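Remarks on the overall topology
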Amino acid sequence: MKGMKWIGAAVLLLLGAGLAVIGQPTIEDRMRRQADRIEKALSSREPFLDPGEVLAVKHNRDVRAVILDVRSEADFNRFHLIDAKRVPVRGAESRLRAELDPKWIKIVVGNDEAAAVEAWKRLTAAGMKNVYVLAGGVNLWLTIFRDGNLQASVPDAPGDDRLRHPFPAAVGSRDPAANPEPHAAEGREYEKRVKQVRAAGAPAGGCG
Amino acid sequence: MGIGDILVNLALGIGFGVCLERAGFGDSRRLAAQFYFRDQTVLKVMFTAIVVAMLLLFWSSAIGWLDWEQVFVNPTHLWPAVIGGLLVGVGFIVGGYCPGTSMVAASTGKVDGVFFLGGLFLGIFVFGETVAGFRVFYDTAGALGRQMIPDWLGVDAGLVALGVVLMALGMFWGAEKLEGIFRRRAEA
């Protein structure tokens, strides 16, 4: 009996030490493992929200939307959507996942789409739910809500992720386009992507 | 929830109950002896189960069989957990059972288990009727989301797993020493 205890302890120790040596998959490992699913979702543009839908979601009192701005600090200071949080995603995936409620709608914003898509991939691989990308980025947002080109379409090419709209100063969210009226996108046609998230019941646990 | 989910949950529940019963957890004297350091079976069995489950989960994740990030982890609600833990602890010492073991005791026909189970359902009813009065505290006090020790410490989960194994082995060793000391005292 005593011998069995020692064998059991040795097996546990060996398995624990093995885990410490090989470690857990990194975000990059997970992205590689989920590459097919991620590419399928991106090619069908499943996670992309039209600016019109982002505006609707922001004004919808039944859902909570969080804008995660992945642009440089300079571009963020120049202009950002109201209540946006500037978040360097790389290395912060687990923290963001812990902080942001799974039921909230998370919208990743770049100047165009490339940087936002990269951040979306990392957050999705980290297991974050309800993450979307602002289609066309801040550039398309400004074309619609600042320039008034309501039917501007999402560019086919991913873009170079530079802010192409000039600002005389760093206005942040003080520009009217940072917080358009709820009906500012009326007449714009787009396909709705956000799935209405119902409030989940209180989580349960137990000791047995 | 489909019939398949119900059957799987039922099988897991019955299996869990059988394991608890076979470990002797249907006996309130054995469970209470834990708190007097005379019998550390509860600590040894439960901690062994935790360590084995942890190693299986993280090994499955490490070799790509399981995506750990898709596994639901109860969000941390620090202060409600502290208060709830204290209440369960007091109830455990006074009543001799925790919720699961009272089910095991009741299902094997033990009268104290049946009474404890009655108290458990009464407690659930009282909680359900009064939770609206402290809903804000229940939902928001110390709400930290999905908190994991590796993220908190900024180290790989494998290292934490090794630490938990070492802690468990140390506790098993210490528990057996304590059992010896307190049993001798009880017999003297």
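Everything quoted here is computed from the prediction, not taken from an experiment. (Residues numbered from 1 in each chain as written. Chains lettered and ligands numbered in written order. Predicted model: local features only at pLDDT ≥ 70, side-chain atom pairs only at ≥ 80, totals over all residues. Heavy atoms only, no water.)

This next bit is on the overall build of chain A. Looking only at helices and strands, chain A features 8 helices and 5 strands. For chain A, the N- to C-terminal ordering of α and β elements is α-α-α-β-α-β-α-β-α-β-α-β-α. Taken over C-alpha atoms, the radius of gyration comes to 22 Å for chain A, far larger than the 17 Å a tight globule of 208 residues would show. For chain A, the C-alpha atoms occupy an extent of roughly 80 × 35 × 30 Å along the three principal directions. In chain A, which comprises 208 residues, the share counted as buried stands at 46%. Contacts in chain A between residues far apart in sequence, at least 24 positions, make up 77% of those at least 6 positions apart. In chain A, 32 positive and 27 negative side-chain charges are present, and the distance between their average locations comes to 9 Å. (Helix = DSSP H or I, 4+ residues; strand = E, 2+ residues; numbered from the N terminus. Rg over C-alpha atoms; globule rule 2.2 N^0.38 Å. Buried < 20%, exposed > 50% of the residue type's maximum accessible area, 1.4 Å probe, protein only. Contact = heavy atoms within 4.5 Å. Lys, Arg positive; Asp, Glu negative; His and termini not counted. Charge placed at Lys NZ, Arg CZ, Asp CG, Glu CD.)

Moving on, we get to the sheet that holds strand 5 (residues 131–134) of chain A. Residues and elements named next belong to chain A. Read from one edge of the open sheet, 5 strands run 1-5-4-2-3, paired in parallel fashion. The outermost strands of the open sheet, each flanked by one partner alone, are strand 1 (48–49) and strand 3 (85–86). As paired strands, strand 2 (residues 65–69) and strand 3 are joined by 2 bridges and run parallel to one another. Across the sheet, D69 pairs through a bridge with R86, a residue of strand 3. (Pairing = 2+ DSSP bridges.)

Attention now goes to the side chain of N139 of chain A. All names here are of chain A. Along the chain, the position of N139 falls in helix 8 (residues 137–145). You can call N139 buried: its relative accessible area is 4%. Setting aside residues no more than four positions away along its own chain, N139 makes contact with N111, D112, R162, L163, R164 and H165.

Across all of its chains, the model carries 24 salt bridges over all chains by this definition. In this structure, the salt-bridge partner of R122 of chain A is E93 of chain A, at a minimum N-O distance of 2.6 Å. Residue R122 of chain A is located in helix 7 (residues 114–125), and its partner E93 of chain A is located in helix 6 (residues 93–99); the two are separated by 29 residues in the primary sequence. You can call R122 of chain A buried: its relative accessible area is 6%. Put simply, K5 of chain A together with K44, E176 and E179 of chain B are held in one network by salt bridges that share partners. (Salt bridge = Lys/Arg side-chain N within 4 Å of Asp/Glu carboxyl O.)

Counted under the stated rule, the structure contains 9 aromatic pairs over all chains. Here F37 of chain B and F182 of chain B contribute two aromatic rings whose centre-to-centre distance is 5.2 Å and whose plane-to-plane angle is 45°, an arrangement assigned as tilted. Of the two residues, F37 of chain B sits in the loop between helix 2 (28–33) and helix 3 (41–62) while F182 of chain B sits in helix 9 (residues 157–187), which places them 145 residues apart along the sequence. Judged by its relative accessible area of 36%, F37 of chain B falls in the partly exposed class. Aromatic side chains F58 of chain B and W68 of chain B sit 4.9 Å apart centroid to centroid with 50° between the ring planes, which places their arrangement in the tilted category. Here F58 of chain B is found in helix 3, whereas its partner W68 of chain B is found in the loop between helix 3 and strand 1 (76–77), with 10 residues between them in sequence. A network of ring pairs unites the aromatic residues F127, F134 and Y138 of chain B as a single cluster. Of note, R45 of chain A hangs over the ring of F48 of chain A, and the distance from its end group to the ring centre comes to 3.8 Å. (Phe/Tyr/Trp six-rings, centres within 6.5 Å; stacked < 30°, edge-to-face > 60°. Lys NZ or Arg CZ within 6 Å of the ring centre and 35° of its normal.)

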